[in-house]
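# Structure assessment
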Number of protein chains: 2
Amino acid sequence: MGQVDARRFAAMAEFRYELRRFLHFSETSAEAQGISAQQYQLMQVVQATSAEARVSISTIAERMVLRHNSAVELVDRAERLGLVERLADEDDLRRSLVVLTEHGRKVLAHVAAAHLVELERAGPMMVQALERLGVSEASKRGTEAK
Amino acid sequence: MGQVDARRFAAMAEFRYELRRFLHFSETSAEAQGISAQQYQLMQVVQATSAEARVSISTIAERMVLRHNSAVELVDRAERLGLVERLADEDDLRRSLVVLTEHGRKVLAHVAAAHLVELERAGPMMVQALERLGVSEASKRGTEAK
DNA sequence: AAGCACTATGTCGTAGCACGATAGAATAAG
DNA sequence: CTTATTCTATCGTGCTACGACATAGTGCTT
């Protein structure tokens, strides 16, 4: 069992606390626009992943870190809210390509803007905690000080 | 609508993706030790919050960013697994003070160690994304731990 | 010291979501 | 053409956070 010294343990706890606060903000901020944090992230993935903003369910599952069937259900709910639409992929009829609706784009813009503001507060806190943890830069392998 | 430019939008999406991967790791890594990620974080809070490692339900709720009744239920489940114990606060009989059991400490050490390893990979990725977002300003050298 | 407000913890029913198992259609491979 | 694989979809289940409510202890006010 690898040992984690008290200083790093505290830094990790602090990082995790900031994470929880951020995630809670994300939930609240999304719900203020009538959607869930998962739906916000879904739209974020659709917008960011592909240049044409057409993303398959499989890609969504991968990027959302979900099982395929959970991605299907997530898209179902978002579609029901009019945030996204399914289009048939003409090159591969098995595929559904998910795109944002006009309404989805509008809601996404609002929620993303709110997140950016919050990250101006939370970002530095997280970075600070990760620095204290000693994991803020790559190539830290084997730098274990006790 | 376009309050968030494309570069920052992409950085935010990337940060969020790393977050999801980390959270998924956390879940998996905790379950490998027979507990949930929430139970891991509960123990982390108990261990890190107070010097004597005795924490009230209210404090747990605050640090876990949960409603108090959810904190009660979280402690219930953790207690049932033998990870934590409730002690009566002699100064205020309304309070239950939560402490780790020997078994809880052992499991916590394992899971925390695994998280530290994962953060050596994920930490730099998150910091990088936050830097690209322009919200990492606390990362000035000098606040670096000794 | 009785009354009242406030705090802390606990209980219960509900809703939402991710998952495993399963299915069916399209495509690829042989 | 037959079989295997990929992709999306459906259904039932379990877990957990929540709101509403309940109970008990504390402390302030009169």
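Scope of this entry: the structure provided in the associated data block. (Residues numbered from 1 in each chain as written. Chains lettered and ligands numbered in written order. Predicted model: local features only at pLDDT ≥ 70, side-chain atom pairs only at ≥ 80, totals over all residues. Heavy atoms only, no water.)

### Brief notes about the overall build of chain A
When its secondary structure is counted, chain A shows five helices and three strands. Radius of gyration (C-alpha) of chain A: 19 Å, far over the 15 Å computed for a compact globule of 146 residues. Burial statistics for chain A: of 146 residues in total, 48% are counted as buried. Per element, the accessible surface of chain A, about 7400 Å² overall, is 47% carbon and sulfur. (Helix = DSSP H or I, 4+ residues; strand = E, 2+ residues; numbered from the N terminus. Rg over C-alpha atoms; globule rule 2.2 N^0.38 Å. Buried < 20%, exposed > 50% of the residue type's maximum accessible area, 1.4 Å probe, protein only. Areas by Shrake-Rupley, 256 points an atom, 1.4 Å probe, with all protein chains shown as cover.)

### Here's the deal with the protein's contact with DNA strand D
The environment of DNA strand D is made up of 22 residues, and the closest members are Ser58 and Arg94 of chain A together with Asn69, Glu73 and Arg94 of chain B. At a separation of 3.1 Å, a phosphate oxygen of DNA strand D approaches a polar backbone atom of Leu93 of chain B. A distance of 2.6 Å separates a base nitrogen of DNA strand D from a polar atom in the side chain of Arg94 of chain B. Where the surface near DNA strand D is concerned, the elements lending two or more residues are helix H3 (57-64) and helix H4 (68-80) of chain A together with helix H4 (68-80) of chain B. Of the residues contributing to the surface near DNA strand D, the split by class is four nonpolar, nine polar and nine charged. (Near = heavy atom within 4 Å. Polar contact = N/O pair within 3.5 Å; in protein donor to acceptor, adjacent residues only side chain to side chain. Nonpolar A, V, L, I, M, F, W, Y, C, P; charged D, E, K, R; others polar.)

### Quick look at the interface of chain B and chain A
Facing the 53 residues of chain B at the interface are 53 residues of chain A. Surface buried jointly by chain B and chain A totals about 4900 Å² across both partners, of which 68% is contributed by carbon and sulfur atoms. A salt bridge links Arg63 of chain A to Glu14 of chain B, with the shortest nitrogen-to-oxygen separation between them at 3.7 Å. Here chain B and chain A share nine residue pairs in polar contact (both at pLDDT 80 or more) between them. Of all elements in the fold, only helix H1 (6-31), helix H2 (37-49), helix H3 (57-64) and helix H5 (102-133) of chain B reach the threshold of two or more residues within the side of chain B that touches chain A. (Contact = heavy atoms within 4.5 Å. Buried area = accessible area lost by both parts, 1.4 Å probe. Salt bridge = Lys/Arg side-chain N within 4 Å of Asp/Glu carboxyl O.)

### Some points on the protein's contact with DNA strand C
As a matter of local geometry, DNA strand C sits amid 22 residues, with Gln38 and Asn69 of chain A together with Ser58, His68 and Arg94 of chain B nearest to it. For DNA strand C, the fraction of atoms within 4 Å of the protein that belong to sugar or phosphate moieties is 59%. Asn69 of chain A places a side-chain nitrogen or oxygen 2.7 Å from a base oxygen of DNA strand C. Between a phosphate oxygen of DNA strand C and a side-chain N or O atom of Arg77 of chain A, the distance comes to 3.1 Å. Looking at the surface near DNA strand C, the elements that each hand over two or more residues are H4 of chain A together with H3 and H4 of chain B. Here the residues of the surface near DNA strand C sort into four nonpolar, nine polar and nine charged.

### Overview of the sheet that holds strand S1 (residues 55-56) of chain B
Residue and element names in this part refer to chain B. Judged by pairing direction, the sheet is antiparallel, and its three strands sit side by side in the order S1-S3-S2 without closing on themselves. At either end of the open sheet lies a strand with only one pairing partner, and these are S1 and strand S2 (84-88). Of the strands in this sheet, S2 and strand S3 (96-100) are in contact with H4, which crosses S2 at around 115°. (Pairing = 2+ DSSP bridges. Axes fitted to C-alpha atoms, helices over the stretch in contact; angles between N-to-C directions.)

### Looking at the nonpolar core
Counting residues in hydrophobic clusters, the biggest one holds 82 residues, and the most contacted among them are Phe15 and Ile60 of chain A together with Phe15 and Ile60 of chain B. Here Phe15 of chain B is in contact with Phe22, Leu119 and Met126 of chain A together with Met126, Ala129 and Leu130 of chain B, once residues within four sequence places are set aside. (Core = buried A, V, L, I, M, F, W, Y, C linked by side-chain atoms within 4.5 Å.)

### What to know about unusual backbone geometry
Leave glycine aside and you will find that most residues have negative phi; peptide bonds, for their part, are mostly trans. Residue and element names in this part refer to chain B. The phi torsion at Ala53 lies on the positive side, around 60°, for a residue other than glycine. Assessed through its relative accessible area of 17%, Ala53 is described here as buried. You will see that Val65, though not glycine, has its phi angle at about 55°, which is positive. With respect to the element layout, Val65 can be found in the loop between H3 and H4.

### Observations concerning the sheet that holds strand S3 (residues 96-100) of chain A
What holds strands together in a sheet is hydrogen bonding between their backbones, with the strands either parallel or antiparallel. Residues and elements named next belong to chain A. Taken together, the three strands give an open sheet; going across it, the order is S1-S3-S2, and neighbouring strands pair in antiparallel fashion. With one partner strand each, in any of the chains shown, strand S1 (55-56) and strand S2 (84-88) form the two edges of the open sheet. With five bridges connecting them, S2 and S3 associate as antiparallel partners. What sits directly across from Arg86, in S3, is Val98.

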